[in-house]
Amino acid sequence: HHQSVPNEIQLLVAVVRYQTKLKEPRVGLCSDWLAKMTAHDQAAVAIPVWCKKGTISMPSNPSTPLVMVGPGTGCAPFRSIAQCQAAHGLQGCLLFFGCRSEQKDFFFRDEWHELSDQGVLSLITAFSRD
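These figures come from a predicted structure and were not determined experimentally.

Trainee: Report on the environment of glutamine 85, specifying residues and quantitative values.
Mentor: Along the polypeptide, glutamine 85 turns up in helix 3 (residues 76-87). Placed 74 residues apart in sequence, glutamine 85 and leucine 11 show a C-alpha to C-alpha distance of 20 Å. When residues no more than four places from it in sequence are discounted, the contact partners of glutamine 85 are Pro62, Leu66, Leu90, Cys93 and Val120.

So this is what it looks like as structure tokens:
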């Protein structure tokens, strides 16, 4: 886990908005509620989050270089790993990251480039709709 933000969980939530076959607008109940929160709401509301043990196993030697592949499946585990590597001064990860659009879906773009500039990881991207 990332030592620089103890007791904190960060969420990246896509807001669900769509139209039914009858052209009725629909929104996701939870994602829409989260998107409409103000700074005051965020400070005043506790959102319950459940965590369970993940399935990623790490090498016993923390300095072992890692190859991470996220072909449109989400970047949260890799972001956590890269943040942890940076916090411990480790380098040499390789991240293959893919999504549909660089402008619309490349979340944490600046953070990935900063980690790349620091030598924590090498970043190789692919955008399927660009």
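Now that the structure is up, let's keep going.
Trainee: Explain the nonpolar core to me, using residue names and the numbers behind them.
Mentor: The biggest cluster of nonpolar side chains holds 17 residues, and the ones touching the most others in it are Met68, Leu95, Phe97, Phe106, Trp112, Leu121 and Leu123. For this core, the secondary-structure elements that each account for two or more residues are helix 3, strand 4 (93-99), helix 5 (109-117) and strand 5 (121-127). Here the element with the most residues in this core is strand 4; it accounts for 4 residues. Residues in contact with tryptophan 112, not counting those within four places in the same chain, are Cys75, Phe78, Arg79, Ala82, Leu95, Phe106, Phe107, Leu121 and Leu123.

Trainee: So what about the state of the cysteines? Which residues, and what values?
Mentor: Using the criterion set out here, one finds 0 disulfides in the structure. Cysteine 30 supplies the cysteine sulfur nearest to cysteine 51, a cysteine that is in no disulfide, at a spacing of 15 Å. Unpaired in terms of disulfides, cysteine 93 finds its nearest cysteine sulfur in cysteine 84, a separation of 9.8 Å. Since its relative accessible area comes to 2%, cysteine 93 is described here as buried.

Trainee: Give a detailed account of unusual backbone geometry, specifying residues and quantitative values.
Mentor: The residue lysine 23 is not glycine, and still its phi comes out positive at about 65°. If you trace the backbone, lysine 23 turns up in the loop between strand 1 (17-19) and strand 2 (25-27). You will see that phenylalanine 108, though not glycine, has its phi angle at about 65°, which is positive. With respect to the helices and strands, the residue phenylalanine 108 is situated in the loop between helix 4 (102-105) and helix 5. With a relative accessible area of 27%, phenylalanine 108 lands in the partly exposed category.

Reading guide: rules and limits
Residues numbered from 1 in each chain as written. Predicted model: local features only at pLDDT ≥ 70, side-chain atom pairs only at ≥ 80, totals over all residues. Heavy atoms only, no water. Helix = DSSP H or I, 4+ residues; strand = E, 2+ residues; numbered from the N terminus. Contact = heavy atoms within 4.5 Å. Core = buried A, V, L, I, M, F, W, Y, C linked by side-chain atoms within 4.5 Å. Buried < 20%, exposed > 50% of the residue type's maximum accessible area, 1.4 Å probe, protein only. Disulfide = S-S within 2.5 Å.

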